[in-house]
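Here are the chains, one letter per residue:
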Amino acid sequence: MPDTASPNAPTVRTREHEGIFVITIDRPEKRNAIDGATARALDAAFDLLDAREDLLIGILTGAGGIFSAGMDLKAFAAGDSPVISGRGFAGLTRHSLRTPLIAAVEGWALGGGTEMALACDLIVASREATFGLTEVTFGLVPPEGGIVRLPERIPRNIALEILLTGDPLPAVRAEQFGLVNHLTEPGETLDRAMELAQRIARNAPLSIAAVKRAVMERTAFDDRDAFRQQDPIVASVLRSHDAKEGAQAFTERREPHWQGR
């Protein structure tokens, strides 16, 4: 299916393919920097992703060989904010999406660009991609997930070095720390993200949603509390039609037919 422009802004394109929803930031002339209109269009796309039960996973990427340069500073200086109330930068960084989201990162992901990638569940990046949280060099801090998420995703001392110096983090090094799931050659991240998404989307919808919810909502500090928190989420999956279908399909040596119930 061809990409379609968002009705809210022509700077975001979306397309669907077999349960996968691809969201593309399309401002290459601005290095895919996020202004208010783009943020609102992204927010609408994330809402659609979460609202439709037939969309099992999303991919966020950027056009023109770059993920995103973060905030559009010129637009922001004119009073145009890319922060959506209650949902953060680009409608994503403080938004608890039900549906898994993969970042496909080419080129630079700077400031809010890195924070958008950190808000995704999985990251596929080009070997030539670079992440950057340079806010301290401008007398600022990264408030939309850089401080909160980076120390959770890579070793704390490495995260502090990046946050305190503002030095860039090449994707190859990020992959060594476990921040990046898969490295690709330049220009191949979307294809690799699609392959990963297809492997996820072939699984039972209730199971996909339950796994993400249980992982993201864990607040317990020990396993016993974690199991108590997890079990109500898991219970509905174990009672579902799809759980029975999965076992039956295995027994009958055929592909399962998921119904999401």
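All values reported here derive from a predicted model rather than from experimental measurement.

**Examining helix α1 (residues 36-51)**
Okay, so step 1: Taking 1.5 Å of rise per residue, the 16 residues of α1 would be expected to cover 22 Å, and the 22 Å separating its terminal C-alpha atoms lies within 8% of that figure.
Okay, so step 2: For α1, the set of buried residues is G36, T38, A39, A41, L42, D43, A45, F46, L49 and D50.
Okay, so step 3: As for α1, its buried residues are in contact with β2 (12-17), β3 (20-25), β4 (57-62), β5 (83-84) and β7 (101-105).

**Details of the layout of surface pockets**
Okay, so step 1: Within this model, the largest pocket holds a volume of roughly 1,200 Å³.
Okay, so step 2: Lining the largest pocket we find 43 residues, and of these L97, D121, K212, R213 and M216 sit closest to its centre.
Okay, so step 3: Secondary-structure elements contributing two or more residues to the lining of the largest pocket are α3 (112-119), α4 (146-153), α8 (205-216) and α9 (223-238).
Okay, so step 4: Among the elements that take part in the lining of the largest pocket, α8 stands out by supplying 10 residues, more than any other.

**Structural notes on the pairing of β7**
Okay, so step 1: With 5 of 5 residues buried, β7 lies mostly within the body of the structure.
Okay, so step 2: By the alternation rule, side chains of β7 split into L101, A103 and V105 and I102 and A104, which are all buried.
Okay, so step 3: Here β4 runs beside β7; their pairing, made up of 4 bridges, is parallel. Each residue of the ladder has a partner; that of I59, found in β7, is I102.
Okay, so step 4: Examined bridge by bridge, β7 and strand β9 (residues 122-126) share 4 bridges and lie parallel to one another. Looking across to β9, one finds that I102 is bridged to L122.

**Topic: empty space enclosed by the protein**
Okay, so step 1: Counted under the stated rule, the structure contains 1 cavity of 30 Å³ or more.
Okay, so step 2: Computed from the structure, the largest cavity encloses a volume of approximately 30 Å³.
Okay, so step 3: Together, T114, F131, G132, L133, L150, I162 and L169 line the largest cavity.
Okay, so step 4: Split into classes, the residues belonging to the lining of the largest cavity amount to 5 nonpolar, 2 polar and no charged.

**A closer look at the sheet that holds strand β8 (residues 108-110)**
Strands belonging to one sheet form pairs held by backbone hydrogen bonds; the direction of such a pair is parallel or antiparallel.
Okay, so step 1: One open sheet accounts for 3 strands, arranged β8-β10-β11; its pairing is mixed. Edge positions in the sheet fall to β8 and β11 (169-170), since each of these pairs with one other strand and no more.
Okay, so step 2: When β8 meets strand β10 (residues 130-132), the two strands line up parallel, connected through 3 bridges. Note on β10: the bridge partner recorded for A109 is F131.
Okay, so step 3: Lying on the sheet, α3 is in contact with β8 and β10; it crosses β8 at an angle near 95°.

Criteria and thresholds
Residues numbered from 1 in each chain as written. Predicted model: local features only at pLDDT ≥ 70, side-chain atom pairs only at ≥ 80, totals over all residues. Heavy atoms only, no water. Helix = DSSP H or I, 4+ residues; strand = E, 2+ residues; numbered from the N terminus. Expected span 1.5 Å × (residues − 1). Buried < 20%, exposed > 50% of the residue type's maximum accessible area, 1.4 Å probe, protein only. Contact = heavy atoms within 4.5 Å. 1 Å grid on protein atoms, 1.4 Å probe; cavity = no way out; pocket = protein on both sides within 12 Å on 5 of 7 lines; lining within 4 Å. Points joined across faces, edges and corners; volume = space filled by probe spheres on them. Pairing = 2+ DSSP bridges. Nonpolar A, V, L, I, M, F, W, Y, C, P; charged D, E, K, R; others polar. Axes fitted to C-alpha atoms, helices over the stretch in contact; angles between N-to-C directions.

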